[in-house]
Amino acid sequence: MKGLKKKIDSVKPQFEKGGKFSKLHSVFDGFYTFLFTPNETSRSGVHIHDSNDSKRTMIMVVLALIPCCLFGMWNVGLQHALATGDPDHSLFHLFFYGFWAVLPQILTAYIVGLGIEFVVAQIRGHEIQEGFLVSGILIPMICPVSTPCWMLAVAVAFAVIFAKEVFGGTGYNFLNVALVTRAFLFFAYPSQMSGDNVFVSLGDSAAVDGYSGATPLGQLAASTTGQVEVLGVTGDPLSYADMFFGLYPGSWGETSTFCILIGLVILLATGIASWRIVLSGVVGGFFMALLAHNFATPLYPVTYLTPLEQLSLGGFAFAIVFMATDPVTACRTNTGKYIYGFLIGAVAIIIRCYNTGYPEGAMLAVLLMNCFASLIDYCVVNSNINRRLKRAIVKN
């Protein structure tokens with residue numbers, strides 16, 4: 001690594017002001033700071049000197065996503081094998097089937113998103129923003145595996161430009177970019193985002209060319225008979241263990257609550273995620289799920305799910321751990337984090353239970369509360385000021 005750094009340092013002046021490639025300074029700086037910790041320090045004022053910059057923070061989030069990512073790839077292969085009636089495959093065969101199935105989506109998200117950010121940084125003369133290191137992997141993970149790459153590219157471009165760059169880039173966006181991408185896909189191409197997942201053959205199975213089946217929440221939302229039993233791709237009922245470990249079709253990166261908990265441990269251990277948001281989000285979701293379950297009705301079949309099933313199915317846990325805790329779009333005050341998380345959990349279950357046209361409410365819940373995060377913080381801060389002012393007046 002030292003030899004590589006020396007070689008890169010030798011060409012660095014060519015990319016600085018007055019150099020032959022000075023117009024590509026932002027691109028060079030982005031790669032340089034991604035590979036090495038910057039050795040520049042501030043020369044004036046009081047600053048905290050720490051090598052853990054935002055790029056490395058984002059990389060830690062990506063590392064926390066790896067368990068969900070690896071499991072999701074394997075589960076894509078498993079669900080395809082079960083759907084085609086040919087489940088007798090090794091773990092590696094199933095994993096690599098899923099890997100090749102989702103790889104185009106991952107490449108599409110990163111190429112389009114980072115390409116736009118590189119262009120914008122060059123135009124503005126700014127450094128390359130690192131926020132898309134996380135968004136680029138989150139976006140495909142929360143989309144059905146059957147999403148066409150051209151469709152994903154359009155959605156990513158829309159989200160990066162209109163939900164991020166027009167507001168100033170990383171740190172200035174008030175909406176979660178990955179969720180804006182998912183929302184764009186849902187409203188622009190509803191037939192592709194209806195809750196059905198297609199496991200298309202990649203040429204290694206002669207059983208069928210493809211399979212289409214509703215996700216567990218999609219099954220319940222579409223039920224007209226008050227059916228409360230959710231089925232896997234083979235037609236067998238799903239156990240709670242299946243739900244917890246994620247052995248069912250869905251957006252490929254968000255089905256396994258077990259893997260999400262592993263990622264949560266990493267985020268909490270490194271101090272990146274706020275435990276207040278996670279805790280209050282789970283409490284809010286559990287409370288609302290319990291309330292809905294106690295007043296369950298055949299008109300809204302999702303209400304028959306128990307609170308634990310509600311927390312394990314769909315994208316609820318993934319949204320609470322990896323979306324709601326986004327430090328840019330979430331509340332900043334400690335009290336605000338409790339309120340913010342609780343409302344996300346409660347609103348997600350309300351939408352899921354009582355909006356049959358959209359069985360997965362976590363996305364809309366997080367986006368809605370993104371809009372109110374600043375207002376919540378404002379109210380909390382003003383409440384603290386007024387309370388302290390009253391104490392000061394009483395003492396005087």
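What counts and how
- Residues numbered from 1 in each chain as written.
- Predicted model: local features only at pLDDT ≥ 70, side-chain atom pairs only at ≥ 80, totals over all residues.
- Heavy atoms only, no water.
- Salt bridge = Lys/Arg side-chain N within 4 Å of Asp/Glu carboxyl O.
- Helix = DSSP H or I, 4+ residues; strand = E, 2+ residues; numbered from the N terminus.
- Buried < 20%, exposed > 50% of the residue type's maximum accessible area, 1.4 Å probe, protein only.
- Phe/Tyr/Trp six-rings, centres within 6.5 Å; stacked < 30°, edge-to-face > 60°.
- pLDDT = per-residue confidence, 0-100.
- Contact = heavy atoms within 4.5 Å.
- Patch = residues over 30% accessible without salt bridge, like charges linked within 9 Å, V, L, I, M, F, W, Y side chains within 5 Å.
- Areas by Shrake-Rupley, 256 points an atom, 1.4 Å probe, with all protein chains shown as cover.
- Lys, Arg positive; Asp, Glu negative; His and termini not counted.
- Axes fitted to C-alpha atoms, helices over the stretch in contact; angles between N-to-C directions.
- Parallel < 35°, antiparallel > 145°, perpendicular 65-115°, else oblique.
- Nonpolar A, V, L, I, M, F, W, Y, C, P; charged D, E, K, R; others polar.
- Expected span 1.5 Å × (residues − 1).
- Arc of directions from axis to C-beta.
- Core = buried A, V, L, I, M, F, W, Y, C linked by side-chain atoms within 4.5 Å.

Novice: I keep staring at the pattern of salt bridges and nothing clicks. Help me out?
Specialist: Close approach of charged atoms allows side chains with opposite charge to pair. This model, assessed by the stated rule, comprises one salt bridge. The shortest N-O distance in the salt bridge between Glu117 and Lys164 comes to 2.4 Å. Linking Glu117 in helix α4 (residues 91–124) with Lys164 in the loop between α6 (149–162) and α7 (177–188), this pair joins segments that are 47 residues apart in sequence. For Lys164, a relative accessible area of 3% gives the class buried.

Novice: I keep staring at the packing of aromatic side chains and nothing clicks. Help me out?
Specialist: Any aromatic ring pair is given by two values, namely how distant the centres are and how the planes are angled relative to each other. Per the stated rule, a full pass over the model turns up 20 aromatic pairs. With 5.1 Å between their ring centres and 85° between their planes, Phe244 and Phe245 make a pair best called edge-to-face.

Novice: So what exactly am I meant to see when it comes to the confidence of the model for the protein here?
Specialist: Interpretation of the predicted coordinates at a detailed level should be avoided for regions scoring low in pLDDT. In this model, the protein carries a mean pLDDT of 83, and residues with pLDDT of at least 70 account for 82%. Here strand β1 (residues 196–198) stands out as the least confident element of the protein, with mean pLDDT 50; helix α11 (residues 275–294) is the most confident, with 96. For the stretch residues 203–210, pLDDT sits under 50, and the model shows twelve contacts to residues farther than four places along the chain or on other chains.

Novice: I would appreciate a short explanation of a nonpolar patch on the surface in the present structure.
Specialist: Taken together, the side chains of Leu268, Trp275, Leu279, Val283, Phe287, Leu291, Phe295, Tyr338, Ile339, Phe342 and Leu343 define a hydrophobic patch exposed on the protein surface, amounting to about 990 Å² of accessible area. Breaking the nonpolar patch down by element, the ones donating at least two residues are α11 and α14 (334–354). Within the fold, Val283 resides in helix α11. Judged by its relative accessible area of 42%, Val283 is partly exposed.

Novice: So what exactly am I meant to see when it comes to the side chain of Lys337 here?
Specialist: With respect to the helices and strands, the residue Lys337 is situated in helix α14. Despite its burial, Lys337 remains without a salt bridge, the nearest opposite charge being carried by Asp377 at 8.3 Å. Residues contacting Lys337, with those up to four places away along its chain left out, are Ser274, Arg276, Ile277, Ser280, Cys331 and Arg332.

Novice: Can you help me understand the environment of Val233 in this one?
Specialist: Among the structural elements, Val233 can be located in the loop between α8 (216–222) and α9 (240–245). By relative accessible area, which is 13% here, Val233 ends up buried. Taking the C-alpha atoms as reference, Val233 lies 7.4 Å from Pro249; in sequence the two are 16 residues apart.

Novice: Teacher, can you tell me more about the packing of helix α3 (residues 54–83) against α4 here?
Specialist: The axes of two packed helices give the description: the angle between them and the distance between them. Relative orientation of the contacting elements α3 and α4 amounts to 110°, with a least axis distance of 7 Å. The angle between α3 and α4 places the two elements in the roughly perpendicular class. Residue-level inspection shows Leu70, Met73, Trp74, Val76, Gly77, Leu78, His80 and Ala81 of α3 in contact with α4, the latter providing Leu91, Leu94, Phe95, Tyr97, Gly98, Phe99, Ala101, Val102 and Ile106. Tallied by class, residues from the contact of α3 with α4 come to 14 nonpolar, three polar and no charged.

Novice: It is not clear to me how helix α10 (residues 257–269) should be interpreted in this structure. Could you clarify?
Specialist: In an α-helix, one turn spans 3.6 residues; hence positions three or four apart end up facing the same way. With 13 residues, α10 extends 18 Å from end C-alpha to end C-alpha; this agrees with the ideal 18 Å at 1.5 Å per step. By the burial criterion, the buried members of α10 are Thr257, Cys259, Ile260, Gly263, Leu264 and Leu267. For α10, the buried positions fall inside an angular range of 155° around the axis, keeping them on one side. Exposed positions of α10 whose direction lies more than 90 degrees from the buried face are Val265 and Ala269. Buried-residue contacts for α10 involve α3, α9, α11, α12 (307–312) and α13 (316–323).

Novice: Where do I start with α11 in this structure?
Specialist: Between the first and last C-alpha of α11 there are 28 Å, a value that for 20 residues agrees with the 28 Å anticipated at 1.5 Å per step. Every buried residue of α11 is listed here: Ile277, Val278, Ser280, Gly281, Gly284, Gly285, Met288, Ala289 and Ala292. For α11, the secondary structure elements touched by its buried residues are α10, α12, α13 and α14.

Novice: What should I look at first to understand the side chain of Thr181 in this one?
Specialist: Position of Thr181 among the secondary structure elements: in helix α7. If we ignore the near neighbours within four places in the chain, the residues touching Thr181 are Ile139, Ala155, Val156 and Ala159.

Novice: Which parts of the structure should I look at to understand the environment of Ala109?
Specialist: By the element assignment, Ala109 lies in helix α4. A residue is classified by how much of its surface remains accessible, and Ala109, at 0% relative accessible area, is buried. Once the C-alpha coordinates of Ala109 and Phe132 are considered, the two residues, 23 residues apart in sequence, prove to be 9.4 Å apart.

Novice: Help me out: how do you make sense of the nonpolar core in this one?
Specialist: As a rule of thumb, soluble globular proteins bury nonpolar side chains together. Trp252, Phe318, Phe322, Met323 and Tyr340 are the most contacted members of the largest nonpolar core, which totals 94 residues. Leaving out residues up to four positions away in the same chain, Phe322 has contacts with Ala64, Leu65, Cys68, Leu138, Ile260, Gly263 and Leu267.

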